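Read off the chains here:
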Amino acid sequence: MEAWRSLCLGMVIIMVTGRGEAQLKKNFYRSSCPNVESIVQQAVLAKLNQTSVTIPATLRLILHDCFVLGCDASIMISSPNGDAEKDAPDNLSLAGDGFDTVIKSKAAVEAVCPGVVSCADILVIAARDVVVLAGGPSFKVELGRRDGVISQASLVSGNLPEPFFNLSQLTAIFAKNNLSQSEMIALSGAHTVGVSHCSRFANRLHNFSLSSPVDPSLNPNYAQQLMQECPQNVDPEIVVDLDPVTPQIFDNVYYQNLVRGKGLLTSDEVLFTNSASKRLVKNFARNPRNFNLAFVRALRQLGRAGVKTGSQGEIRKDCTAFNS
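J.: How would you sum up the side chain of threonine 58? Please name residues and give values.
T.: Relative to the elements of secondary structure, threonine 58 occurs in helix α3 (residues 54-66). Judged by relative accessible area, threonine 58 falls into the buried class, the value being 0%. Of note is the side chain of threonine 58, whose polar atom sits 2.7 Å from the backbone oxygen of threonine 54. Residue contacts for threonine 58: discarding those within four places in its chain leaves Gly98, Thr101, Leu123, Ala126, Ala127 and Val130.

Next up, the structure:
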């Protein structure tokens, strides 16, 4: 009897966790808000015309949202007590332009289709749009998410990848969100745009080990360049491009950089130095089409993480506040 109960419980869990993904559709708003994607696209383009930070900020925002409680826009909530998800230490470095992109897109959608489209779906659409606007592949997105009703800073710790992670740690934290190692490597390609603060990789430049102050996996010339940009005791606000070659373009140069020892973060370069991931990195470095296809598949899979659908959650009127 106990074994039967366990089997039934397992079946219920599978049904519950799989239900949200099954209800996502590429044409979810065909009747209720048929122009939602074009409305968001125009809002994202307007934001991009204000600042190029829109692209990496929005891409980073979707990962930080989906890895904590699923893709439910809980990252967007503001709390007067400073205890919402966005207030967690690991989220304090998120650029405000990513939040602003979603907020402005939501306002534009609400003006046409009030109370219909979730902030979670708008974030997914906006993430696709910034990839396209940066020169990356165009693709259809799955929609039908609802917004979560929980946003707590205390739930963030241990659920986001860190810049010092090794391959096993990266693989494990992505696996928690039903993403394979190959999908993790593809999503890491988002680092083809954006920046990182010097503090996130300073240990690779100044005190890597007793025998070598500089990480030997770093290209020597690149290490010298980084030490000039990020000397010891540098202003903590100083940032460096994650891709030193084409930092504003969504392409496969990120992987070419890894092959050349020019991965900025430990979690970047380990993808090439570890034999378990090296082959795929070299494949993406040689074949931009392979990378684009893999990135699209991985981003779509990320967008399925922990989604709320049907009667779950809510359709938030203001992305920064629960309806209640």
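J.: Residues and numbers for the packing of aromatic side chains, please.
T.: In this structure the tally under the stated criterion is 10 aromatic pairs. A connected cluster of aromatic rings, assembled from ring pairs, spans Phe250, Tyr254, Tyr255, Phe284, Phe291 and Phe295.

J.: Can you tell me about the side chain of threonine 246, naming the residues and giving the values?
T.: Mapped onto the elements, threonine 246 comes out in the loop between β2 (239-241) and α10 (253-259). One polar contact links threonine 246 to aspartate 251, side chain to side chain, over a distance of 2.8 Å. With near-sequence residues (within four places) excluded, threonine 246 lies in contact with Thr192, Asp251 and Val253.

J.: Describe the state of the cysteines, and please don't skip the residues or the numbers.
T.: Summed over the entire model, instances satisfying the criterion amount to 4 disulfides. Here cysteine 33 connects covalently by a disulfide to cysteine 113, the sulfurs 2.1 Å from one another. With the S-S bond torsion at 85°, the cross-link from cysteine 33 to cysteine 113 turns out right-handed. A residue pair is termed long-range when its members are at least 10 positions apart, and cysteine 33 in the loop between α1 (2-23) and α2 (36-50) and cysteine 113 in the loop between α4 (96-112) and α5 (119-133) qualify at 80 residues. Here cysteine 113 falls in the buried class, since its relative accessible area comes to 8%. Across the disulfide, cysteine 198 is cross-linked to cysteine 230 (sulfur-sulfur distance 2.0 Å). On the S-S bond that ties cysteine 198 to cysteine 230, the torsion sits near -65°, and the link is left-handed.

J.: Tell me what's going on with helix α12 (residues 275-286), and back it up with residues and numbers.
T.: Between its first and last C-alpha atoms α12 spans 17 Å; for 12 residues at 1.5 Å apiece the expected length is 16 Å, and the two agree. Turning to α12, its buried residues number three or more, namely Ser277, Val281, Phe284 and Ala285. Viewed end-on, α12 has its buried residues packed into an arc of 100°, placing them on one side of the element. What points out from α12, more than 90 degrees from its buried face, is the exposed set Ser275, Arg279 and Arg286. Along its buried surface, α12 packs onto α6 (167-175), α7 (181-187), α10, α11 (266-273) and α13 (288-302). Where α12 starts, the residue carrying a side-chain oxygen 2.9 Å from the main-chain nitrogen of alanine 276 turns out to be asparagine 274.

J.: How would you explain the pattern of salt bridges if you had to name every residue and give the values?
T.: Taken as a whole and assessed by the stated rule, the structure comprises 12 salt bridges. Here arginine 128 makes a salt bridge to aspartate 129, at a shortest N to O gap of 2.7 Å. Taking the shortest distance from any N to any O, the salt bridge between arginine 204 and aspartate 215 comes out at 2.9 Å. Taken together, the positions of arginine 204 in helix α8 (residues 203-206) and aspartate 215 in the loop between α8 and α9 (220-229) put the pair 11 residues apart, joining distant regions of the chain. The burial state of arginine 204 is the same as that of aspartate 215; both residues are buried. Each member of the salt-bridge network shares a partner with another, and the members are Lys47, Asp97, Asp100 and Lys104.

J.: Account for unusual backbone geometry, with residues named and values stated.
T.: Only a minority of non-glycine residues have a phi that is not negative, and only a minority of peptide bonds are not trans. Here the phi dihedral of leucine 69 falls at roughly 70°; this positive angle occurs in a residue that is not glycine. Residue placement: leucine 69 occurs in the loop between α3 and α4. When its relative accessible area of 34% is taken as the criterion, leucine 69 is described as partly exposed. At asparagine 178, a residue that is not glycine, the phi angle is positive and equals roughly 60°. Mapped onto the elements, asparagine 178 comes out in the loop between α6 and α7.

J.: How would you explain a positive patch on the surface if you had to name every residue and give the values?
T.: Together, Lys278, Arg279, Lys282 and Arg286 give the surface a local cluster of positive charge. Assignment of secondary structure puts lysine 282 in helix α12. With relative accessibility at 36%, the residue lysine 282 sits in the partly exposed group.

The rules behind each value
Residues numbered from 1 in each chain as written. Predicted model: local features only at pLDDT ≥ 70, side-chain atom pairs only at ≥ 80, totals over all residues. Heavy atoms only, no water. Helix = DSSP H or I, 4+ residues; strand = E, 2+ residues; numbered from the N terminus. Buried < 20%, exposed > 50% of the residue type's maximum accessible area, 1.4 Å probe, protein only. Polar contact = N/O pair within 3.5 Å; in protein donor to acceptor, adjacent residues only side chain to side chain. Contact = heavy atoms within 4.5 Å. Phe/Tyr/Trp six-rings, centres within 6.5 Å; stacked < 30°, edge-to-face > 60°. Disulfide = S-S within 2.5 Å. Expected span 1.5 Å × (residues − 1). Arc of directions from axis to C-beta. Salt bridge = Lys/Arg side-chain N within 4 Å of Asp/Glu carboxyl O. Patch = residues over 30% accessible without salt bridge, like charges linked within 9 Å, V, L, I, M, F, W, Y side chains within 5 Å. Areas by Shrake-Rupley, 256 points an atom, 1.4 Å probe, with all protein chains shown as cover. Lys, Arg positive; Asp, Glu negative; His and termini not counted. Charge placed at Lys NZ, Arg CZ, Asp CG, Glu CD.

Treat this as a map of the structure, not an account of what it does.
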